[in-house]
Number of protein chains: 2
Amino acid sequence: MGKNSKKYVYLFGKSVCDGNAGMKNLLGGKGANLAEMAKLGLPVPPGFTITTECCADYFASGMRFPSGLAGQLRLALDNVERQTGLGFGDRDRPLLLSCRSGARSSMPGMMETVLNIGLTTATIPGMIKMTGNNERFVYDAYRRLIMMYSDVVMEKAAGIVPADGEGIRRKLDLRLEALKRRRHAGTDAELKAGDLKALCEEFKSIVAAELGRPFPDDAREQLEGGVDAVFKSWNGPKAVSYRRIENIPDDWGTAVNVQTMVFGNTGNDSATGVAFTRDPATGDNRFYGEWLANAQGEDVVAGVRTPNPLNSGCRNPHAPDLPTLEAEMPEIYRELVAIRNKLERHYRDMLDIEFTIQHKKLYMLQCRVGKRGGAAALKMAVDMMEEKLINAKTAVLRVSPAQLDELLHPILDPAAEKSAAASGRFFADGLPAGPGGAVGEIVFSSSAAKAAAAAGRPCILVREETNPEDVEGMRAASGILTARGGMTSHAALVCRGWGKCCVAGAGELAIDETAQTVSNAAGKTFKAGDFLSLNGSSGRVYCGALATVSRGDNRDFKTFMKTADKFRKLAVRANADTPEDAKLAIKLGASGIGLFRTEHMFYGNNSEKPLFALRKMILSRTDAERRTAIDELFPYVKAAIKNTLKVMKGLPVTIRFLDPPLHEFVPHDAGQQKELADAIGIGIEEVRRRAELLKECNPMMGHRGVRLGITFPAITAMQTKAVLESAAELAADGIKCRPELMIPVTCDPKELVDQKKIIAETADEVRRKSGLKKLEFKVGTMIEVPRAALLAGEMAVEAEFFSFGTNDLTQLTFGFSRDDAGSFLNRYLASGILAEDPFRTVDTGGVGLLIRHAVKAGRKTRPKLKTGICGEQGGEAETIKFCHELGLDYVSCSPFRVPPARLAAAQAAIKKKK
Amino acid sequence: MGKNSKKYVYLFGKSVCDGNAGMKNLLGGKGANLAEMAKLGLPVPPGFTITTECCADYFASGMRFPSGLAGQLRLALDNVERQTGLGFGDRDRPLLLSCRSGARSSMPGMMETVLNIGLTTATIPGMIKMTGNNERFVYDAYRRLIMMYSDVVMEKAAGIVPADGEGIRRKLDLRLEALKRRRHAGTDAELKAGDLKALCEEFKSIVAAELGRPFPDDAREQLEGGVDAVFKSWNGPKAVSYRRIENIPDDWGTAVNVQTMVFGNTGNDSATGVAFTRDPATGDNRFYGEWLANAQGEDVVAGVRTPNPLNSGCRNPHAPDLPTLEAEMPEIYRELVAIRNKLERHYRDMLDIEFTIQHKKLYMLQCRVGKRGGAAALKMAVDMMEEKLINAKTAVLRVSPAQLDELLHPILDPAAEKSAAASGRFFADGLPAGPGGAVGEIVFSSSAAKAAAAAGRPCILVREETNPEDVEGMRAASGILTARGGMTSHAALVCRGWGKCCVAGAGELAIDETAQTVSNAAGKTFKAGDFLSLNGSSGRVYCGALATVSRGDNRDFKTFMKTADKFRKLAVRANADTPEDAKLAIKLGASGIGLFRTEHMFYGNNSEKPLFALRKMILSRTDAERRTAIDELFPYVKAAIKNTLKVMKGLPVTIRFLDPPLHEFVPHDAGQQKELADAIGIGIEEVRRRAELLKECNPMMGHRGVRLGITFPAITAMQTKAVLESAAELAADGIKCRPELMIPVTCDPKELVDQKKIIAETADEVRRKSGLKKLEFKVGTMIEVPRAALLAGEMAVEAEFFSFGTNDLTQLTFGFSRDDAGSFLNRYLASGILAEDPFRTVDTGGVGLLIRHAVKAGRKTRPKLKTGICGEQGGEAETIKFCHELGLDYVSCSPFRVPPARLAAAQAAIKKKK
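Residues numbered from 1 in each chain as written. Chains lettered and ligands numbered in written order. Predicted model: local features only at pLDDT ≥ 70, side-chain atom pairs only at ≥ 80, totals over all residues. Heavy atoms only, no water.

Undergrad: In this structure, what is going on with the environment of Pro610 of chain B? I would like to understand it.
TA: For Pro610 of chain B, the position within the fold is in helix α22 (residues 608–619). Other than its neighbours up to four places away in sequence, Pro610 of chain B contacts Met601, Phe602, Leu633 and Tyr636 of chain B. (Helix = DSSP H or I, 4+ residues; strand = E, 2+ residues; numbered from the N terminus. Contact = heavy atoms within 4.5 Å.)

Here is the structure:
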């Protein structure tokens, strides 16, 4: 196809309409929807859209208009002129145009707009005549054109950088302000026609002087400048950085919408407004919007005047007297309601619309699918499904897993947050490490947190970073704030697991535990007892106590989840380590426990005694010492497992054997060391020496997981006994159990052979003692070491199931220590070396390759091999999609992430079918 | 084939000979060689071999003789009887037999033997008559039979465990000793026939009483018992544990050799001896051996009597008067020399032979390829090649890389070591972490080591574990001994790199630096200044100063290496970090440098100033601070690189950019911290704070390698500039350079894109400044992170070469921290979970899979991709074989390992062709 044959311009209007809503890529969102509305017969001011392809060609040819464009523009203008009966540049009935950007996906405020194009010294008189001699209105429009045009086209698009750092816009604004002062005018509206006319002349001479060329007095020149400026604004600094953040490709380009101007500010029979077809905050099925009489659209957006409610239903109770459109212009309001109904039926979604009323005539200027919060998204999806507006599949796709996640946690009141930010009460920025919001007094230690909580005072635990000894305090606190550590630091892992609000790695904070103070980079300092508010979903921290809002689950939630579950193929299990977590998991719809971490019983409440026994075991040097400690530990381990199995009533429970490096549990304070020394019967120096021996250079790759089980077989035997005795006793009570013993950190099938021997011997013993003939359980392994994934075919000879431990697998595959990656990972993400944080979303290209290989090789050996994923990423939507595509049997995530995971799994199934 | 049709028994002897030397798997080594000697017409006492297959069937059928065996045994016995003219169990001319084990590969002393089978009350009179009425000889033989048989067959093979813990052998021995005391006899030989006869009767009644059944008085019963006992001894505890250590499969089984007895103890015209066809210690082409008149073979081996030299050439100068066989029995000696020549010509190798002379008649009892040390192996290989006894290929295969390695280091005198061990001067056992031997006085600090070395006193640096701050002391010391750390600890890595003697991880040692003492588990304590001797090849440490011996290279070495190089396909480069190392590398035959570690200039001699500048750079927090430090560092880095490139004269030099975690270089002592604080212009507290910030939980997976280059691009630019300016300046001086810039620790191709941009910019700058048109260099990457291997196809888009860093790749693929693996790796190896230490030999099954994939995918993208391996395993023979099979271009190892690596590469090429 030759260059000239490309169609660059698409018309929209009553008579001709080249585009439709499906052509967003070519026409941008705004252009496609304008065409669609016009097609529906709605009152759209006629105009045309210059394609995104034209924008791309424009940049490809060194920022010149492609050769076919000029001719197509001319024809399009002709068409608009015919439809409106006006003429562009015509002295008697001049046509005025707007020129707006419109990319594929909305980039609000990031690109440029020019309005009132077509006003020149030649057309102004005709315009005045046409508006019934409203000279003031026309010169006000002319002033606006000069201000916008000189700024957008003549300065920015021309690449002029003002020598004094002040742009032309600012200079003209100062003149306008000066004029208002001279006239004692509070608003622009108080200025007279003559003042404005003189101001326009002054503006034009300033523009010519500052920018070195006169303000163009030719309609076509103005239009071409406008189009060129909109194209150029695609590569403006704001737009470019927005695209970086939103991952929008640079080569998409923007479309340009050129449209007949309509004016909502031509008198009290004119107005402008924005509306949502349903309430975007609650999702309620009621028409919701705001309007202003005798105003331009920008006046509503800018907030200069307080807008009025569209109807009595969306009145603000604090301002019950504001006039509604419904009451003021009942006929037009009815027309608008009809349009609203038509659009919703047509688009089958909640829409965000913009309209203008010019001399009692309604015009539609924009419509697009409206943004909404989680609660609203859920309500609308369920309502529209029940209204039969959409089918179940569409309803399920209408709520994102992140929105669902939002719903399950209380949050800081967005309004309170906004006003805190505006009034300088922002304190620090960190990583969004645990969901929701939290407000409380500052405490600096685990014990202070416990004390505050016991006294019924909500508190925020502020720590350099947390460690297992802090866990009780973390449980007690309302939220956690750390100065160090990333998205997978101890604090983040624990808090996400609990669904507790956490802001981690707020690097600018300086914490002085001795002085009991925390300061930010600006030197603002708080002491223990002062209040902070955390937004764990954004990572922002505010001074003082902000209000919070809470959204529970409800009927809609249940309906929605039930609908989603119909499509889901992947089972969703929970990571749960206590009977309480297990109950919560079941409540949130988990179909089993995918990860019960034996060691977590040493972190939680009532962990003192088992932790003490564990420490004794760890510090044992002789078999006799170790045996004693293990015997002491056994009842605690068994109780935790038995109670959890009991709650799960026959649902599968995967119990991971002791995993972490032992030194994590060694006490550091002298009191506890002394107590241990006495209990073992050794000196405190010996305790310290033994603790020293346990220290490792790289504990993540040290003596942990199955390596403990192999060097200390009694630990494996004890855990097996705890699980199987529990199962046997529950079976005797008629309660079914499906325990799955999971061996962590394996790298070789022979490790499994070794451990299975111990398990089999223990199982025989339990069977013998219990008198049970059958004692069903499975033995499988975590696949979290690259070698285990590589040897998956051989691992599956021994393992009945694989559970991919994506945290460690990611660490080892990348060679990234998640505790240390903070020092470089941000830089990797910022510079685009990595597109995603691999600890958040599974790295499908690298780690995913290993998983894919392991699943394939494992199933080749054992066709019925059960496969799942556990670890942080198990609850993340993209990862779940990947797991669905791989055909895994389940994902497992923390209980609070179960509903979003169920949704993500349903969406993956629906999208794959499509 | 039915069971009965299996051939279980193979005859050997003058008339019939079913086997040959090629049948070791079936007949065992001894049986196959007996057959071969018989075939060659040598005087082998006739007999037969029961196959290893029969042994396997014996165990498969619950330790019963397979059904065909009895008949075949009968026929074989008939044949032996025919050849010897004797009869088994015959009253007049009784045939006596020996019954010996013989596995595929020698398991010396691990299995059982029974001699003199066939002596019964019925045959003794005939035997006495046959030996010229030598009643004493016959009863002595009978006594030996009873002692051996009751022990081996009646007790051990029957599974009898003596209640009092004392075996039958010991009980009989005590009776023999008591008799000797009664007769005032110093040796057995002084006992009279009557005494021995009575002793035999006493023995028989003790046997019957203790073992519950009478000593068998039937020849055939004795034989069957003997065969059964030899089979059973395959699964005796000694044999089983030997097989574990030597990796011999359990299902091989042993053959049994049944052979006509000949006696070297029938008078002074009888004798016995062992000999080597060449000197096994030196490799000299001279017949070497020992003999004893009137003795049995076991007397030579047991060392009860001092053996005599075979000929004047192998006399011990300290005992010049001992009688030689050459002089005492010249005719037989000549016969033996003829046999020696025949065997060497036939086997084309040095053989270890055993012979017996009975009444002036020579019998050959055994021949096998003789064991030899490295020096001897080399000499024999070269000599035999020059004698045209073997071809070049065979010569190259005759020396193992380990033997060659041995040759390149001085060692403790083996004799001195033996006597030190015997006299209780053994001190401790550790890991053989650096080759050769070292003797010196104990020092406990780097500074003491330097002081001792400066004073010309060799010293052993004894440390808990070493770190980079010890490196100067390590250089200065003769040997290093550490209490902690494994084969890849800092000490081991540095020492192997330098070829310096090191014993690492001697865990039993308690080092008290304050008291300046080191104690072993037995409480033996040495202080600074006391002497220790280390064997870095075995890991043994001795008290006091032992003698050392040194073997340099020589003409044979050069001839041998030249021969090996003819077959080699794989290039061998060296890991070298200084011009001195580079010179050594060239001397030892390296064809380039495969790994120049920039950071090693901060470890070595004269490292103070660059290390100081590096520390400044590391502790910089602002760009300005960092820039200053980098500028200061630059001249040192450039000098080190330039001087190395100069030495290498156009050979490729791979320069790896700064790799290790920065905190490794942070000083810990207050003095150095103060100096740094002053230099940077900050307080010492600030230095400590910054050092604290650099600490990582898992430094191995932290902020290192390319991650430094990405976060601090100036570091990459500085190194690039150092390399390319050096190359440009050398080129201007007419010296060719082939620098290869290697980016370490990569995990994504975009990292290379980022770094190559900096490199290209720097290269342009250097080109511009130097005025050179061409400035050739390559840019490649280490593949040491699993993800880099997985994405190799994409990595190769950017990288011109891959160098597999097997140390880190192994760590990450297994999830084993080499610094910490000591706590479990030994257990993994001991229990057979891992067959090999993966840090020593590349793990072909797991890590190898990644390497194989990476080579294939990389070459698909870039067919000329250069591939190599660096890291410890690069010098290891099995790894080299793997690299050859993969078709890599080169391996790189420390300079001292270059010759063994060249040899291993040649052997891999030869073996693959075969």
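Having seen the model, we can carry on.
Undergrad: Got a minute to help me understand the interface of chain B and chain A in this structure?
TA: Interfaces are often sized by the amount of accessible area the parts lose when they come together. Taken together, the 45 residues of chain B in the interface contact 45 residues of chain A. Buried surface at the junction of chain B and chain A, both sides included, amounts to about 4,200 Å², of which 60% is carbon and sulfur. One can count two salt bridges joining chain B with chain A. With a closest N to O distance of 2.6 Å, Asp843 of chain A and Arg787 of chain B form a salt bridge. The interface formed by chain B and chain A includes 22 residue pairs in polar contact (both at pLDDT 80 or more). At the level of elements, α26 (706–711), α28 (749–770), α29 (786–790), α31 (806–814), α32 (822–830) and α33 (847–861) of chain B are the ones that each hand at least two residues to the side of chain B that touches chain A. Residue composition of the side of chain B that touches chain A, grouped by class: 20 nonpolar, 12 polar and 13 charged. (Buried area = accessible area lost by both parts, 1.4 Å probe. Salt bridge = Lys/Arg side-chain N within 4 Å of Asp/Glu carboxyl O. Polar contact = N/O pair within 3.5 Å; in protein donor to acceptor, adjacent residues only side chain to side chain. Nonpolar A, V, L, I, M, F, W, Y, C, P; charged D, E, K, R; others polar.)

Undergrad: How do you make sense of the sheet that holds strand β12 (residues 426–429) of chain B when you look at a structure like this?
TA: Two modes of strand pairing occur in sheets, parallel and antiparallel, and in both the strands are linked by backbone hydrogen bonds. Residue and element names in this part refer to chain B. Strand order in the open sheet made by the eight strands is β12-β22-β21-β14-β15-β16-β17-β13, with mixed pairing throughout. Two strands in the sheet have a free side with no partner beyond their single neighbour: β12 and β13 (431–434). Each strand of the sheet is rotated relative to its neighbour by a mean of 30°, with strand direction disregarded. Both strand β21 (residues 531–535) and strand β22 (residues 540–543) contribute to a ladder of four bridges, which runs antiparallel. Within β22, the residue paired with Asn535 across the bridge is Arg540. (Pairing = 2+ DSSP bridges. Axes fitted to C-alpha atoms, helices over the stretch in contact; angles between N-to-C directions.)

Undergrad: Sorry, what's going on with the pattern of salt bridges here?
TA: Should the charged atoms of two oppositely charged side chains come close, the side chains can pair. Evaluation of the coordinates by the stated rule reveals 119 salt bridges over all chains. Its salt-bridge partner being Lys204 of chain A, residue Glu201 of chain A comes within 3.6 Å of it at the nearest N-O pair. Of this pair, Glu201 of chain A and Lys204 of chain A both sit in helix α7 (residues 193–211), separated by three residues, roughly a single helical turn. Taking the relative accessible area as the measure of exposure, Lys204 of chain A reaches 16% and is therefore buried. Linking Arg398 of chain B and Asp349 of chain B is a salt bridge whose minimum nitrogen-to-oxygen distance equals 3.3 Å. (Buried < 20%, exposed > 50% of the residue type's maximum accessible area, 1.4 Å probe, protein only.)

Undergrad: Sorry, what's going on with unusual backbone geometry here?
TA: Of all residues except glycine, most have a negative phi; of all peptide bonds, most are trans. Positive phi, normally seen in glycine, also occurs at Lys649 of chain A, with a value near 35°. Secondary-structure assignment places Lys649 of chain A in the loop between α23 (623–648) and β26 (652–656). A positive phi is found at His184 of chain B, a non-glycine position, where the angle reads about 50°. In this fold, His184 of chain B is placed in the loop between α6 (168–182) and α7 (193–211).

Undergrad: Would you explain α7 of chain A in this entry?
TA: At 3.6 residues per turn, the α-helix brings residues three or four places apart onto the same side. All names here are of chain A. Between its terminal C-alpha atoms α7 stretches 26 Å, which fits the 27 Å expected from 19 residues at 1.5 Å a residue. When α7 is considered as a whole, its buried residues turn out to be Ala193, Asp195, Leu196, Leu199, Cys200, Phe203, Lys204, Ile206, Val207 and Leu211. Once α7 finishes, Gly212 follows within two positions and takes phi at roughly 80°, a positive value. (Expected span 1.5 Å × (residues − 1).)

Undergrad: Hey, could you run me through the relation of the copies chain B and chain A in this one?
TA: Note on the chain copies: they are related by a rotation about an axis and a translation along it. Mapping chain B onto chain A leaves a residual RMSD of 0.3 Å; the transformation is a rotation of 179° accompanied by 0.1 Å of translation along its axis. Such a combination of turn and shift is consistent with a two-fold rotation axis. No C-alpha of chain B lies nearer the rotation axis than that of Asn698 of chain B, which sits 2.0 Å from it. Residue by residue, 100% of the interface of chain B is reproduced at the interface of chain A, so both copies engage with the same surface. (Least-squares fit on C-alpha atoms with pLDDT ≥ 70 in both.)

Undergrad: Just checking my understanding: could you explain the environment of Ser533 of chain A for this structure?
TA: All names here are of chain A. Relative to the assigned elements, Ser533 resides in strand β21 (residues 531–535). Along the primary structure Ser533 and Asp764 are separated by 231 residues, whereas in three dimensions their C-alpha atoms are 55 Å apart. For Ser533, the contacting residues outside a window of four places in its chain are Leu412, Ala438, Val439, Arg540, Val541, Tyr542, Gly544, Ala545 and Leu546. Among the polar contacts listed, one links the side chain of Ser533 to the backbone nitrogen of Leu546, at a separation of 2.8 Å.

Undergrad: Just checking my understanding: could you explain the packing of aromatic side chains for this structure?
TA: Overall, the coordinates contain 32 aromatic pairs over all chains when judged by the stated rule. Pairwise contacts between aromatic rings join Tyr58, Phe59, Phe65 and Phe231 of chain A into one cluster. Above the plane of the ring of Tyr890 of chain A lies Arg573 of chain A, whose end atom (NZ or CZ) is 4.0 Å from the centre. The cationic tip of Lys7 of chain B hangs over the ring face of Tyr10 of chain B; the distance from NZ or CZ to the ring centre is 4.7 Å. (Phe/Tyr/Trp six-rings, centres within 6.5 Å; stacked < 30°, edge-to-face > 60°. Lys NZ or Arg CZ within 6 Å of the ring centre and 35° of its normal.)

Undergrad: What is the right way to read the sheet that holds strand β30 (residues 866–870) of chain B from this model?
TA: Residue and element names in this part refer to chain B. Taken in spatial order, the eight strands line up as β24-β25-β26-β27-β28-β29-β30-β31 and close into a barrel, and their pairing is parallel. Pairs of neighbouring strands in the sheet enclose a mean axial angle of 25°, with direction left out of account. The pairing of strand β27 (residues 738–743) with strand β28 (residues 778–783) spans four bridges and is classified as parallel. Bridged to Glu740 within β28 is Lys778. On top of the sheet, helix α23 (residues 623–648) reaches β25 (593–597), β26 (652–656) and β27; it is set at about 165° to β25, its chief contact.

Undergrad: Is there a simple way to think about the pairing of strand β29 (residues 801–805) of chain B in this case?
TA: One face of the sheet, then the other: side chains in a regular strand alternate in exactly this way. Residues and elements named next belong to chain B. β29 sits mainly inside the fold: five of its five residues count as buried. A two-sided burial pattern is seen for β29, the buried positions comprising Phe801, Ser803 and Gly805 on one face and Phe802 and Phe804 on the other. Two strands pair when backbone bridges link them, and β28 and β29 are joined in this way by three bridges, in the parallel orientation. Opposite Ile783, over in β29, you have Phe804 as the bridge partner.

Undergrad: What am I meant to see in the packing of helix α5 (residues 135–156) of chain A against helix α6 (residues 168–182) of chain A here?
TA: Any two packed helices are characterised by how steeply their axes cross, that is the angle between the axes, and by the distance between the axes. All names here are of chain A. One can describe the packing of α5 onto α6 by two numbers: an axis separation of 9 Å at closest approach and a directional angle of 160°. Considering the angle they form, α5 stands roughly antiparallel to α6. Judged by the sense of rotation from one axis to the other, the crossing of α5 with α6 is right-handed. Where α5 abuts α6, its residues Arg143, Ile146, Met147, Met148, Ser150, Asp151 and Glu155 lie against Ile168, Arg169, Leu172, Asp173 and Leu176. (Parallel < 35°, antiparallel > 145°, perpendicular 65-115°, else oblique. Left-handed = near helix turned anticlockwise from the far one by under 90°.)

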